[in-house]
Amino acid sequence: MQKITLALLGLTMGMSVYGEKKPDDADNFYKSDRVTVEAVSFPNQYRMQVAGNRMVPKDIEAGKRLPAIIVGHPMGAVKEQSANLYATKLAERGFVTLSIDLTFWGGSEGTPRNAVSPDLYAEAFSAAADYLRTLPFVDKERIGVLGICGSGSFALSAAKTDSRLKAVATVSMYDMGAAFRHALHHSLTLEQRKQFIAEASLQRDVEFAGGKTLYTSGTVDALTENSGPIEREFYDFYRTPRGEFVPEGQERLLTTHPTLTSSVKFMNFYPFEDLDLISPRPVLFIAGKNAHSIEFSQEAYRKASEPKTLYLVPNAGHVDLYDRVNLIPFDELERFFKTSLSAGR
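Residues numbered from 1 in each chain as written. Predicted model: local features only at pLDDT ≥ 70, side-chain atom pairs only at ≥ 80, totals over all residues. Heavy atoms only, no water.

1. Concerning the overall build of the protein
The line we're drawing: The secondary structure listing takes helices from DSSP runs of H or I that are at least 4 residues long and strands from runs of E that are at least 2 residues long, numbered from the N terminus. Buried, partly exposed and exposed residues are distinguished by accessible area as a fraction of the type maximum, computed with a 1.4 Å probe on protein chains only: under 20%, between the cut-offs, and over 50%, respectively. Residue contacts follow a heavy-atom distance rule, with two residues in contact if any of their heavy atoms lie within 4.5 Å. For the accessible areas, the method is Shrake-Rupley and the probe is 1.4 Å, while residue cover comes only from the protein chains on display. His is not counted, nor are the chain ends, whereas Lys and Arg count as positive and Asp and Glu as negative. For this purpose, a charge sits on NZ of Lys, CZ of Arg, CG of Asp or CD of Glu.
Check the secondary structure of the protein and you find 11 helices and 8 strands. Here the C-alpha coordinates of the protein stretch approximately 55 × 45 × 40 Å along the principal axes. Among the 345 residues that make up the protein, the fraction classed as buried is 59%. Considering only intrachain contacts with a sequence separation of at least 6, the fraction spanning at least 24 residues in the protein is 75%. With an accessible surface of roughly 14,500 Å², the protein has 50% of that area assigned to carbon and sulfur atoms. Distance between charge centres in the protein, computed from 39 positive and 42 negative side chains, equals 4 Å.

Written as structure tokens, this is what we have:
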């Protein structure tokens, strides 16, 4: 099982990474005295509560309605990992922001925990728009979405069927469907894919009979001499003080790991199909030039209709754009959302 899982995500391939030393500019748990933060929750269309952190600039003028941005965390993470950082930094720049936990993760409802449901992940962004549009200090016609890593594909999926989302940005995007169908660089064979599906299918019998839930992929819990560079890259964020966060009531060893039986749902997830449904709403794809995941942003850019932008960050890998504040192009994100969400657009 482990061999198939590693092949599934292409973890034996990729660029060089930093080892276990935290980069000097990594600031995942950044706080700001210029932003008011409030924990909130709201129902999705299926009456499941979605948890979020709402962030509002402290200098907001009385009676003013601001543009808003919904921020989604990397796949397997929670809002405290990368999403809160982006939401805080963008709130400092004049937006109301809302970082959310995807359904089944963090503080959001859904059982079993860590289950995979691409439809419900996309629904969380639409539910966040439902909530934001009721706030008196939000301009309901100026709401954008920002998805980091796997949430980039979920944000695109949401925008295809929700015209209230007026602009979409992705950072270090993973197409979670392609990642599970083909792995990086199409390195997964059809037979390996069928083997993974067979193992997950048989595990359903075990769990239906009351057996132990199995989890797959995600970040390894310990490095070995055989750990590949991408394994090490994710480990340096998720399993060290740089970015590790364990939601209340959850075991550390379960963080980032989706359930095996539900992860095959990604095989039927095609977020880059019909991207022309988003146009003429603008899309911005941001990726590190050295990112192992750059192929996903390039492919989405190729398939998207105008207006679209592909912004590549020099000297940046995939995880660098989770928390390295000197590399994350906040100026570009501010420009994109202020232009895309301008009044009267």
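2. Some remarks on the sheet that holds strand β7 (residues 283-288)
What counts is decided by this rule: Strand pairing is assigned whenever DSSP detects at least two bridges linking the two strands. Interaxial angle, 0 to 180 degrees, is taken between N-to-C directions of lines fitted to C-alpha atoms, where a helix line uses only the stretch in contact.
Judged by pairing direction, the sheet is mixed, and its 8 strands sit side by side in the order β1-β2-β4-β3-β5-β6-β7-β8 without closing on themselves. Both edges of this open sheet fall to β1 (35-43) and β8 (308-313), since each of them pairs with a single strand only. The average angle at which neighbouring strand axes cross in this sheet is 20°, direction not considered. Where strand β3 (residues 66-72) and strand β5 (residues 138-148) come together, 6 bridges link them in parallel fashion.

3. Considerations on the nonpolar core
Buried together is how nonpolar side chains tend to be arranged in soluble globular proteins. The line we're drawing: Buried Ala, Val, Leu, Ile, Met, Phe, Trp, Tyr and Cys residues form a nonpolar core when they are joined through side-chain atoms within 4.5 Å.
Membership of the largest hydrophobic core comes to 97 residues, with the highest contact counts inside it found for Ile70, Tyr86, Ile100, Leu132, Leu146, Leu333 and Phe337. Among the elements that line this core, the one with the most residues is helix α3 (residues 118-132), at 10 residues. Those residues within four positions of Ile70 in sequence are excluded, and the remaining contacts are Leu98, Ile100, Phe125, Ala128, Ala129, Leu132, Ile143, Gly144, Val145, Leu146 and Leu165.

4. Concerning the packing of aromatic side chains
Note the following rule: Here the aromatic set is Phe, Tyr and Trp, taking the six-membered ring for Trp, and pairing holds for ring centres within 6.5 Å; pairs whose planes are under 30 degrees apart are stacked, those over 60 apart are edge-to-face, and all others are tilted.
What the rule picks out here adds up to 16 aromatic pairs. Centroid distance Phe285 to Tyr301: 6.5 Å. Interplanar angle 85°. Geometry classified as edge-to-face. Linking Phe285 in strand β7 with Tyr301 in helix α9 (residues 294-303), this pair joins segments that are 16 residues apart in sequence. With a relative accessible area of 0%, Phe285 lands in the buried category. Residue Tyr301 is classed as partly exposed on the basis of its relative accessible area of 28%.

5. Notes on the side chain of Ser172
Mapped onto the elements of the fold, Ser172 is located in the loop between β6 (165-171) and α5 (176-181). Ignoring any residue separated from it by four or fewer positions in sequence, one finds Ser172 in contact with Cys149, Ile286, Ala287, Ser293, Gly317, His318 and Leu321.

6. A few points about the packing of α3 against helix α4 (residues 150-160)
Put simply, the test is: An angle below 35 degrees is treated as roughly parallel, one above 145 as roughly antiparallel, one from 65 to 115 as roughly perpendicular, and anything else as oblique. By definition, any crossing whose near helix is turned counterclockwise from its far helix by less than a right angle is left-handed, and any crossing with a clockwise turn is right-handed. Each residue gets one label: Ala, Val, Leu, Ile, Met, Phe, Trp, Tyr, Cys and Pro are nonpolar, Asp, Glu, Lys and Arg are charged, and the others, such as Gly, are polar.
Closest axis-to-axis distance for the α3/α4 pair is 8 Å, and the angle between their directions is 65°. Classified by the angle between their axes, α3 and α4 sit roughly perpendicular to one another. Crossing of α3 over α4 shows right-handed handedness. Side by side, α3 and α4 meet where Tyr121, Ala122, Phe125 and Ser126 of the first sit next to Ser151, Phe154, Ala155, Ser157 and Ala158 of the second. Classifying every residue of the contact of α3 with α4 by side-chain character gives 6 nonpolar, 3 polar and no charged.

That's the geometry; what it means functionally is another story.
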